[in-house]
Amino acid sequence: MNKRALLVGITGGIGAGKSIVARIFTLLGVPFYAADDRAKVLMQTDEALREGIQAAFGREAYTSAGELNRAYLAATVFHDEAATKRLNGLVHPAVGRDFSAWSEAHQAHPYVLKEAALLVESGSYKELDSLILVKSPLVVRINRILARDPQRDLKQINAIIDRQLPDEEKARFAEFIIKNTDQKALIPQVLTVDAQLRKKAAERISL
Ligand SMILES: CC(C)(COP(=O)(O)OP(=O)(O)OC[C@H]1O[C@@H](n2cnc3c(N)ncnc32)[C@H](O)[C@@H]1O)[C@@H](O)C(=O)NCCC(=O)NCCS
Ligand SMILES: Nc1ncnc2c1ncn2[C@@H]1O[C@H](COP(=O)(O)OP(=O)(O)OP(=O)(O)O)[C@@H](O)[C@H]1O
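Residues numbered from 1 in each chain as written. Chains lettered and ligands numbered in written order. Predicted model: local features only at pLDDT ≥ 70, side-chain atom pairs only at ≥ 80, totals over all residues.

S.K.: I tried to follow the packing of helix H2 (residues 35-45) against helix H5 (residues 81-104) on my own but got confused; where do I start?
M.R.: Any two packed helices are characterised by the angle at which their axes cross and by the distance between the axes. Remark: H2 packs on H5, axes separated minimally by 10 Å, with the N-to-C direction vectors making an angle of 110°. Of the possible angle classes, the one that applies to H2 and H5 is roughly perpendicular. Contact residues: Ala35, Arg38, Ala39, Leu42 and Met43 in H2; Val91, Ala94, Val95, Asp98 and Phe99 in H5. Here the residues of the contact of H2 with H5 sort into eight nonpolar, no polar and two charged. (Axes fitted to C-alpha atoms, helices over the stretch in contact; angles between N-to-C directions. Helix = DSSP H or I, 4+ residues; strand = E, 2+ residues; numbered from the N terminus. Parallel < 35°, antiparallel > 145°, perpendicular 65-115°, else oblique. Contact = placed C-beta atoms within 7 Å. Nonpolar A, V, L, I, M, F, W, Y, C, P; charged D, E, K, R; others polar.)

Encoded structure:
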């Protein structure tokens, strides 16, 4: 008998709508781990990680007040594939450890959700039981990010897109696809996926 909560990933390219979809799951009572947000907290609070980031990217990676200098890091890494890889190599292991501890504390639920832009790229989807891909047309994503992130220009958004796998590649690893376009309502799609995941979790327990 396996009573462990299913580990479910939710991924998608920049601006696809992962966070908005994840918020609907949280309204259904599903525990939710926002890896991109946790990454920033860990970059701030994990001393070994801070030192690694400063050694790789210089003292400017943190402000004089000790805050993570996101604008500097974004400008430094996203236009440079090797630099992005170096940052990922420092941050992703710390996030992996943090997620393991978090998911251990939520075992009583049928399933938990881990949201991250890079679940496929980082290979961490292999440690999950299921993957949801949130998809939106590229032009819609770009316009949403231009509206959401005034600090980012089109050049930086395109650089970020270049650092991520295209949806067609990600879709090969996804069990569920949620389409976030103006043509398709999100809530019914989330309800369908939630019902299927609860069924999958219940079937595992009865095995
Ligand atoms: C470089 C940082 C500080 C820039 O912060 P900023 O607030 O400007 O951007 P934000 O984090 O909101 O990222 C914007 C979008 O870029 C994409 N993105 C973020 N990190 C990466 C990355 N390493 N590679 C490719 N795309 C990325 C995501 O779609 C994300 O939503 C930040 O993105 C970061 O710390 N990235 C490394 C951590 C990471 O890999 N996070 C993602 C998975 S855990
Ligand atoms: N269906 C929608 N209708 C209206 N606005 C939307 C819709 N989906 C997403 N948005 C808006 O588009 C922006 C991007 O969505 P969201 O932050 O959920 O994307 P994300 O995939 O989490 O992006 P990132 O990878 O950058 O974190 C947000 O401002 C969000 O409110």
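S.K.: I tried to follow the site of ligand 2 on my own but got confused; where do I start?
M.R.: Every one of the 14 residues lining ligand 2 counts as a neighbour, but Gly17, Lys18, Ser19, Arg144 and Arg148 are closest to it. Those elements giving two or more residues to the shell around ligand 2 turn out to be helix H1 (18-27) and helix H6 (138-148). (Near = placed C-beta within 6 Å.)

S.K.: Which parts of the structure should I look at to understand the pairing of strand S3 (residues 111-115)?
M.R.: Every regular strand shows the same layout, with side chains that alternate between the two sheet faces. Taken across its five residues, S3 has five buried, putting it largely inside the fold. Of the two faces of S3, the one carrying Tyr111, Leu113 and Glu115 and the one carrying Val112 and Lys114 are both buried. Bridge analysis of strand S1 (residues 6-11) against S3 gives five bridges, and the strand direction is parallel. Bridge pairing in S3 links Leu7 to Val112. One ladder, built from three bridges, connects strand S2 (residues 32-34) with S3; its direction is parallel. Within S3, the residue paired with Ala34 across the bridge is Glu115. (Buried ≥ 20, exposed ≤ 12 C-beta atoms within 10 Å, placed from the backbone. Pairing = 2+ DSSP bridges.)

S.K.: Where do I start with the sheet that holds S1 in this structure?
M.R.: The pairing of strands in a sheet comes from backbone hydrogen bonds and takes either a parallel or an antiparallel form. With respect to topology, five strands assemble into an open sheet ordered S2-S3-S1-S4-S5, the strand pairing being parallel. Edge strands, defined here as strands with exactly one partner in the open sheet, are S2 and strand S5 (176-179). Going across the sheet, the axis of each strand differs from the next one's by a mean of 20°, ignoring polarity. Taken together, the four bridges between strand S4 (residues 130-135) and S5 define a ladder with parallel strand orientation. Bridging across to S5, Lys135 finds its partner in Lys179. Most of the contacts of H1 go to S3, to which it runs at about 160°, and overall it touches S1, S2, S3, S4 and S5.

S.K.: Help me understand the UniProt feature "binding site: ATP" (unreviewed entry) in the protein in this model?
M.R.: Under the UniProt annotation, the feature "binding site: ATP" (unreviewed entry) is placed at Gly15, Ala16, Gly17, Lys18, Ser19 and Ile20. Within the secondary structure, Gly17 is located in the loop between S1 and H1. The exposure class assigned to Gly17 is buried, which follows from the 21 C-beta atoms found within 10 Å. Among all residues touching Gly17, those that are not within four sequence positions of it are Gly12, Val134, Ser136 and Asn180. With respect to the element layout, Ile20 can be found in helix H1. Accessibility expressed as a C-beta count within 10 Å gives 12 for Ile20, which makes it exposed. (UniProt positions renumbered as here; feature names shortened; annotations may be inferred.)

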